[in-house]
Amino acid sequence: MGVFHGAEIQFVFGQVPPTGPNNLPQALPTYGEADEAARNVSAIIMDYWISFADSLNPNDGKGIQRPHWSQYTPAEKVAMQLRGGNTTIIQDDYRKGQIAFFDENAAIFQK
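Calculation notes
- Residues numbered from 1 in each chain as written.
- Predicted model: local features only at pLDDT ≥ 70, side-chain atom pairs only at ≥ 80, totals over all residues.
- Heavy atoms only, no water.
- Helix = DSSP H or I, 4+ residues; strand = E, 2+ residues; numbered from the N terminus.
- Buried < 20%, exposed > 50% of the residue type's maximum accessible area, 1.4 Å probe, protein only.
- Contact = heavy atoms within 4.5 Å.
- Salt bridge = Lys/Arg side-chain N within 4 Å of Asp/Glu carboxyl O.
- Phe/Tyr/Trp six-rings, centres within 6.5 Å; stacked < 30°, edge-to-face > 60°.

**Some thoughts on the overall build of the chain**
- Within the chain, the secondary structure is distributed over four helices and two strands.
- Here the chain, with 111 residues, has 19% of them falling under the buried criterion.
- Relative to all contacts within the chain whose residues are 6 or more apart in sequence, the contacts with residues 24 or more apart total 27%.

**A word on the pattern of salt bridges**
- Taken as a whole and judged by the stated rule, the model has three salt bridges.
- Note that Asp-47 is salt-bridged to Arg-66, the shortest N-O span being 4.0 Å. Taken together, the positions of Asp-47 in helix 2 (residues 34–55) and Arg-66 in the loop between helix 2 and strand 1 (78–83) put the pair 19 residues apart, joining distant regions of the chain.
- Taking the relative accessible area as the measure of exposure, Asp-47 reaches 16% and is therefore buried.
- Notably, a salt bridge pairs Lys-62 with Asp-54, separated by 3.0 Å at the nearest N-O pair.
- Judged by its relative accessible area of 48%, Lys-62 falls in the partly exposed class.
- With relative accessibility at 52%, the residue Asp-54 sits in the exposed group.

**Some details on the packing of aromatic side chains**
- On inspection of all chains with the given rule, the structure shows four aromatic pairs.
- Ring centres of Phe-101 and Phe-109 lie 6.1 Å apart, and the angle between their planes is 70°; on these two criteria the pair is classed as edge-to-face.
- Looking at Phe-101, the relative accessible area reads 44%, which means it is partly exposed.
- Ring centres of Phe-102 and Phe-109 lie 4.9 Å apart, and the angle between their planes is 50°; this geometry places the pair in the tilted category.
- Put simply, the rings of Phe-101, Phe-102 and Phe-109 pair up and form one aromatic cluster.

So this is what it looks like as structure tokens:
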């Protein structure tokens with residue numbers, strides 16, 4: 001399902017919310033040392049944003065070493081998963097079935 005819009009803002013400014021096992025609802029999993037993982041993700045997000053603001057390229061090679069953030073295109077639908085211990089590129093297939101329905105029935109919706 002992902003996270004809500006704007007959830008990354010605290011991480012962009014290095015204001016990492018408490019994420020340790022004692023601070024999460026029981027239904028949510030933790031990933032190793034969650035507080036350390038959250039600080040690492042914050043550092044990565046800050047560098048991506050700074051690089052993009054400076055050069056319009058989140059992969060400008062400045063800052064800490066981080067995974068290459070591929071461009072999202074119609075042919076290559078990928079997204080960056082920014083999870084504490086697993087920052088990686090993933091396929092964007094969220095609601096693929098629902099989107100296919102609208103694509104297949106576009107003529108109906110254009111009336």
